[in-house]
Amino acid sequence: MHKNSVIEISQKAHKENIDFLRKTYGKKVILSSVVKGNAYGHGLAEFVKMAFDNGVNHFSVFDVEEAKIVFDTLKSTVTILIMGFVADDDMQWVIQNKIEFFVFERYRLAKAAKVAKKLKQKAIIHIEVETGMNRTGFEVKTIAKVAQYLIKEKENIRFKGLCTHYAGAESISNYYRVSKQIELFNKAESIIKSFGIQPEIRHSACSAASMMFPETRMDLVRIGILQYGLWPSPEVFVTFLNAKKTKNDPLQRVISWKSEIMSVKRVKSGEFIGYGTSFMAKEHMKIATIPLGYSHGYSRSLSNQGRVLINGQRCMVIGTVNMNMLTIDVSEIEHVKKGDEVTLIGTQKNLSITVSSFSDFSNQLNYELLTRISKTIPRKIIQ
Ligand SMILES: *Cc1c(COP(=O)(O)O)cnc(C)c1O
């Protein structure tokens, strides 16, 4: 941990997002908070504890490492679902602690049954169907065999869920592809039912699908980006505004990122600033250095592009972003000094740097920008 910068997580903003989402989906739909990628950069342990206090009791992670952090933080008070990787060696821990997990191939199904049998405790699984993303999941033509296997192993396997994931529900241009996926998912479900069994719950929606295709909400929604107060894409946002005939964004950004000025100095006109020649002072300038760089997740592509807020004013990043430092043009700010607060994401007075403005400049998705923010930066929960 270091003190060069701090990530603040707003409990109130998250609560408002969760309240909005619960109202949108209705009481019957379980809301699973997706916290892979260090809770989209928000800080996994800190975030899930806060989300739990905000009433969330279901979390989806990518792998066992993340599941362990959630489990260590909240114990068995919540449901934990692993959507991705479980190493063979970890299967025992997963089953013993009633962690639920996606199963998307025969090998893992057999492994789950075998370990469960040895432990004399059922594995709680979600069968993932391949419906067109072509990443992971059982092909629909193999679903009959899966159903037979689930019947045969019913002492060892609890068939908790049937699920799939959509390939790009955030863009209308994928409408046809996603519609086909929904159809295939329904087909897989009816094949399973024809064997006289059925999953306890069905789920398929991520943030985008939950907004663009309400029928994908089913029994549970897996919500990542929306709960952090960001839209999956401008298209989803505009579609929402049009449908609701409103201009107001109901979501609140949860994250802020702040640092401070470590030094201020003057540079004469004609001098180059930083490495190489990417920035030349065209007049006498005042610059500030910030103890933060690409090693902390502030992308190098923000060189000569990024903006930050200092003393309530917007300032430009000048020169290249270094590994541990940034240089900012503060020529226009009168009383600027060492120790002044610098906002990289967040609000000062009436100006804001949003995550998406930030990621537009660096051509990164919101998702990518957030998850790149270094784990070593302390996360602080604020009201
Ligand atoms: C990441 C992920 C989600 C959540 O996606 P958002 O767009 O952030 O809501 C849902 N399901 C799966 C399988 C995922 O990998």
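Residues numbered from 1 in each chain as written. Predicted model: local features only at pLDDT ≥ 70, side-chain atom pairs only at ≥ 80, totals over all residues. Heavy atoms only, no water.

Per an unreviewed UniProt entry, the protein chain goes by Alanine racemase and derives from Flavobacterium jejuense. Under the heading Catalytic activity (unreviewed entry), UniProt records this for the protein chain: "L-alanine = D-alanine". The annotation that UniProt attaches to the protein chain under Pathway (unreviewed entry) is "Amino-acid biosynthesis; D-alanine biosynthesis; D-alanine from L-alanine: step 1/1." (UniProt positions renumbered as here; feature names shortened; annotations may be inferred.)

Enquirer: Could you clarify how one ought to interpret the overall build of the protein chain in this entry?
Expert: The helix and strand tally for the protein chain stands at twelve helices and 19 strands. Here the C-alpha coordinates of the protein chain stretch approximately 80 × 45 × 40 Å along the principal axes. Taken over 383 residues, the protein chain has a buried fraction of 53%. When contacts within the protein chain are restricted to residue pairs at least 6 apart in sequence, those whose partners lie at least 24 apart make up 65%. Element-wise, carbon and sulfur atoms account for 52% of the exposed surface of the protein chain, whose accessible area totals about 18200 Å². Positive and negative charge centroids in the protein chain, built from 54 and 37 side chains respectively, lie 3 Å apart. (Helix = DSSP H or I, 4+ residues; strand = E, 2+ residues; numbered from the N terminus. Buried < 20%, exposed > 50% of the residue type's maximum accessible area, 1.4 Å probe, protein only. Contact = heavy atoms within 4.5 Å. Areas by Shrake-Rupley, 256 points an atom, 1.4 Å probe, with all protein chains shown as cover. Lys, Arg positive; Asp, Glu negative; His and termini not counted. Charge placed at Lys NZ, Arg CZ, Asp CG, Glu CD.)

Enquirer: What should I look at first to understand the domain arrangement of the protein chain in this one?
Expert: Frequently, the measure chosen for interface size is the accessible area removed from exposure when the parts meet. When its domains are assigned, the protein chain resolves into domain 1 (12-242) and domain 2 (255-353). One C-alpha centre belongs to domain 1, the other to domain 2; they are set 41 Å apart. (Domains from an automatic or database assignment.)

Enquirer: Is there a simple way to think about the nonpolar core in this case?
Expert: Most often, soluble globular proteins keep nonpolar side chains buried together rather than apart. Counting residues in hydrophobic clusters, the biggest one holds 117 residues, and the most contacted among them are Phe101 and Tyr298. Both domains that furnish three or more residues to this core are identified here as domain 1 (12-242) and domain 2 (255-353). In contact with Tyr298, other than residues within four places in its own chain, are Trp257, Leu292, Gly293, Gly306, Arg307, Val308, Val317, Val321, Leu326, Leu344 and Phe358. One finds Val267, Phe279, Met285 and Ile318 within the second-largest nonpolar core, a separate group that totals seven residues. (Core = buried A, V, L, I, M, F, W, Y, C linked by side-chain atoms within 4.5 Å.)

Enquirer: Help me understand the site of the ligand, please; the structure alone is not making it clear to me.
Expert: In the region of the ligand, the neighbouring residues are Val34, Lys36, Tyr40, Met83, His165, Cys206, Ser207, Arg222, Ile223, Gly224, Ile225 and Tyr367. Between an oxygen atom of the ligand and a side-chain N or O atom of Tyr40, the distance comes to 2.5 Å. A total of 390 Å² of accessible area belongs to the ligand in isolation, and the protein chains cover 91% of it. Of all the cavities here, the one that holds the ligand is the largest pocket. Looking at the shell around the ligand, the elements with two or more residues in it are helix H2 (36-40) and strand S10 (220-223). (Near = heavy atom within 4 Å. Polar contact = N/O pair within 3.5 Å; in protein donor to acceptor, adjacent residues only side chain to side chain. 1 Å grid on protein atoms, 1.4 Å probe; cavity = no way out; pocket = protein on both sides within 12 Å on 5 of 7 lines; lining within 4 Å. Sits in = over half its atoms within 2 Å of the grid points.)

Enquirer: How should the packing of helix H3 (residues 44-53) against helix H4 (residues 64-74) be read in this particular structure?
Expert: Axis separation between H3 and H4 bottoms out at 9 Å; the angle between their running directions is 50 degrees. As judged from the angle between their axes, H3 and H4 are oblique. The handedness of the crossing between H3 and H4 comes out as right-handed. On H4, the residues that touch Leu44, Ala45, Val48, Lys49 and Phe52 of H3 are Glu66, Ile69, Val70, Thr73 and Leu74. For the contact of H3 with H4, a count of residues per class yields seven nonpolar, one polar and two charged. (Axes fitted to C-alpha atoms, helices over the stretch in contact; angles between N-to-C directions. Parallel < 35°, antiparallel > 145°, perpendicular 65-115°, else oblique. Left-handed = near helix turned anticlockwise from the far one by under 90°. Nonpolar A, V, L, I, M, F, W, Y, C, P; charged D, E, K, R; others polar.)

Enquirer: Would you mind going over the layout of surface pockets with me for this structure?
Expert: Empty space left among the atoms is revealed by rolling a probe the size of a water molecule over them. Volume-wise, the largest pocket comes out at about 1000 Å³. In terms of lining, the largest pocket is formed by 44 residues, of which the most central are Tyr40, Ile225, Trp231, Pro232 and Tyr367. Put simply, the parts of the chain that give the lining of the largest pocket at least two residues each are H2, helix H9 (207-212), helix H10 (234-244), helix H11 (355-361) and helix H12 (366-372). Per-element accounting of the lining of the largest pocket gives the leading share, four residues, to H11. In the lining of the largest pocket, the residues fall into 21 nonpolar, 15 polar and eight charged. Approximately 210 Å³ is the volume attributed to the second largest pocket. Of all the elements in the fold, those that place two or more residues in the lining of the second largest pocket are H3 and H4. (Points joined across faces, edges and corners; volume = space filled by probe spheres on them.)

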